[in-house]
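This is what each chain is made of:
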Amino acid sequence: MPRHHDHRHHHHYLLFLLVLSVSPSQPSDSGPGSEGGKSGSSMKAVVEVACLSPRQVMNGFGGSFTDSATITMNSLSSPVRDALLRSYFSSEGLEYDLVRVPIGGSDFSTRPYTYNDDHEGDVELRHFQLAEEDLVHKLPLIRRALGLARRPLKILASPWSAPAWMKTNGKINETGELLKEMRGAWANYLVRFVKEYEKAGVPIWGMTSANHGFTYEKTSWNSMSWNPSDMRDWIKENLGPTIHSAGLERVKLYIGDDTRHNVDNFYRQILHDPEAARYVSGLAFHWYSDKSVGPDVLDHAHLLFPEQDVLYTEACIESGGVASHQPVVLGSWGRAERYAQNIIEDVNHFASGWIDWNLALDSTGGPNWAGNTVDAPVIINTEKDEFYKQPMFYVLGHFSKFVPAGSVSIPSWVRKDTAGLLHTAAFIHPDGHIVLQLLNKDDREMEVRVEWEGGDFTHAVVPARSLQTLLLPWDGDANHAKRKYFL
């Protein structure tokens, strides 16, 4: 007989974490592509959850300690800054599992720099040294986050550019490629960064091969492009062996760190070479082309290379050259909705985690030395010594708080047509219960019946334009997927 769990009487089984919805006081602007259904009476839907069909084990969710984020955080008084860090990393906050940190400068710095700019030809890296941005801003705040975190915090490092003298164009920015004779020095440079951070009390969990490494367009900010055969040879002849000879085999290497279409065009040439592939742990993706390139790219990568992890490593709301699209729109639910829909899509196509870009920015969406300002989940008012948690912050919390590392993605789907306005993602939590996320993009509330294995079901009302997280009981094996996939 089916078992009905009524949330009015089984509140220890079913939790509605938080409901965010559009109101006149919350701008719904999400830039081009905002959508919503008709207003009026509620819709009805049935969601089915397949607990016995495990997919990937999750690495978790998080954000990035950029120079801009940490410099802006350090403009706050100590108690306010600590409250911000607690909001992200402590047990009473979002409990992030993942953070990303640039290796050297990025566009979200106040200046272009690397760790060895002034000593051309120093291939022995005698003059390599961390910058003030690391010593004063990033490292102290990351150490504080590590101290606040109840769960292990995985730190992923990404390089934007080699020093100008190692590159074909002689510049930190405007792309350029690595000189062939500098491949060994560049591998040593990256390993040196890992060692310096670890000496400073910040262990590195993983590294990407290059931020936007397959993007050939000239950009005004720090950048360096690769063709896939050069990256393949560099990984198998230089970077991989250098990581291993340094005793850092545990550091995971992700290739790509670029948009879906760029990664899709190049990763096969690297991973089809077993000498290169043996050093690679996964593929890293950015969300910036996701509206035009479907998630089947992620499916193909998983089918071709099931042993490789799929990880989203960067996302933010950018202006995209639209004059009316402001970098920062305080209180925008539409932008939060874009985050929620993208996360749901990605985890349903084998992504094990999702890392947001800047943890915090100022009210202009910076600082950014290249003028590339964007939005962030937390905006800091440097004049008033306060910060504002945006709807994006709370959307990320739905996932990071209730889908920790070690959770297992499982399929879920909508059985009744809702015009594509109800989106779902489901997981088995390490403690054994089901976590179900329901994103309603319609302007009407939805009455949802949820069904899962064992004949269990419950009902929920999902308000218009909202995201809900449901925790549901399940008596199955919480470790069933870990025999197939490994963290």
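Up top is the structure.
Keep in mind it's a predicted model, so treat the numbers as computed, not measured.

1. A word on the nonpolar core
Grouped together as the largest cluster of nonpolar side chains are 118 residues, with contacts concentrated most on Phe89, Trp186, Phe193 and Ile235. The dominant element in this core, judged by the number of residues it contributes, is helix α4 (residues 183-199), at 9 residues. In contact with Phe193, not counting residues within four places along its chain, are Val101, Pro102, Ile103, Tyr115, Phe128, Leu130, Ala157 and Ile204. Grouped together as the second largest cluster of nonpolar side chains are 24 residues, Ala45, Ala426, Leu438 and Leu470 included.

2. Regarding unusual backbone geometry
Between Gly366 and the following residue, Pro367, the backbone shows a cis peptide bond with an omega angle of 5°. Structurally, Pro367 is set in the loop between β11 (361-362) and β12 (378-381). The backbone phi angle of Asp385 is positive, close to 55°, even though this residue is not glycine. Take Asp385: it is sitting in the loop between β12 and β13 (386-389).

3. Details of α4
An ideal rise of 1.5 Å per residue puts 24 Å on 17 residues; α4 measures up with 25 Å between its terminal C-alpha atoms. For α4, every residue scored as buried is listed here: Arg183, Ala185, Trp186, Ala187, Tyr189, Leu190, Val191, Phe193, Val194, Glu196 and Tyr197. Taken from the residues just after α4, Gly201 is the one with a positive phi, measuring 90°.

4. Section: the side chain of Asp122
Here Asp122 shows up in the loop between β4 (98-103) and α3 (132-148). Look at Asp122: it is buried, it has no salt bridge, and the nearest opposite charge is Arg126 at 4.7 Å. What Asp122 contacts, discounting residues up to four positions off in sequence, is Asn116, His127, Phe128 and Trp165.

5. A short note on the environment of Glu447
Looking at the element boundaries, Glu447 is found in strand β18 (residues 446-452). Residues Glu447 and Val462 lie 15 residues apart in sequence; the distance between their C-alpha atoms is 6.4 Å. Beyond its immediate sequence surroundings of up to four residues, Glu447 is in contact with Ser42, Met43, Lys44, Ala45 and Ala460.

6. Topic: the pairing of strand β19 (residues 456-462)
Burial of β19 is extensive: 5 of the 7 residues sit out of reach of the surface. Summarising the sheet, β18 and β19 pair through 7 bridges and their orientation is antiparallel. Across the sheet, Arg449 pairs through a bridge with His459, a residue of β19. As consecutive antiparallel partners, β18 and β19 are separated by 3 residues, and within that stretch Gly454 has a phi angle of approximately 90°, a positive value.

7. Focus: the packing of aromatic side chains
What the rule picks out here adds up to 24 aromatic pairs. Grouping aromatic residues by their ring pairs yields a cluster made of Tyr113, Tyr115, Phe128, Trp186, Tyr189, Phe193 and Tyr197. Geometry around Tyr113 places Arg111 over its ring, the cationic atom sitting 4.3 Å from the centre.

8. Description of the pattern of salt bridges
All told, the structure shown has 34 salt bridges when counted by the stated rule. Across the salt bridge formed by Arg100 and Glu314, the nearest N and O atoms sit 2.8 Å from each other. Here Arg100 is found in strand β4, whereas its partner Glu314 is found in strand β9 (residues 309-314), with 214 residues between them in sequence. Arg415 is the salt-bridge partner of Glu451, the closest N and O atoms lying 3.0 Å from each other. Taken together, the residues Glu451 in strand β18 and Arg415 in the loop between β15 (412-414) and β16 (422-428) connect sequence positions 36 residues apart. Residue class for Glu451 comes out buried when judged on its relative accessible area of 18%.

9. Considering the sheet that holds β4
The parallel closed barrel is built from 8 strands, whose spatial order is β3-β4-β5-β6-β7-β8-β9-β10. Neighbouring strand axes in the sheet, compared pairwise and without regard to direction, differ in orientation by 25° on average. Relative to strand β6 (residues 206-208), strand β5 (residues 154-159) is paired through 2 bridges, and the arrangement is parallel. If you follow Ala157 over to β6, its bridge partner there is Met207.

Parameters and conventions
Residues numbered from 1 in each chain as written. Predicted model: local features only at pLDDT ≥ 70, side-chain atom pairs only at ≥ 80, totals over all residues. Heavy atoms only, no water. Core = buried A, V, L, I, M, F, W, Y, C linked by side-chain atoms within 4.5 Å. Buried < 20%, exposed > 50% of the residue type's maximum accessible area, 1.4 Å probe, protein only. Helix = DSSP H or I, 4+ residues; strand = E, 2+ residues; numbered from the N terminus. Contact = heavy atoms within 4.5 Å. Expected span 1.5 Å × (residues − 1). Lys, Arg positive; Asp, Glu negative; His and termini not counted. Salt bridge = Lys/Arg side-chain N within 4 Å of Asp/Glu carboxyl O. Pairing = 2+ DSSP bridges. Phe/Tyr/Trp six-rings, centres within 6.5 Å; stacked < 30°, edge-to-face > 60°. Lys NZ or Arg CZ within 6 Å of the ring centre and 35° of its normal. Axes fitted to C-alpha atoms, helices over the stretch in contact; angles between N-to-C directions.

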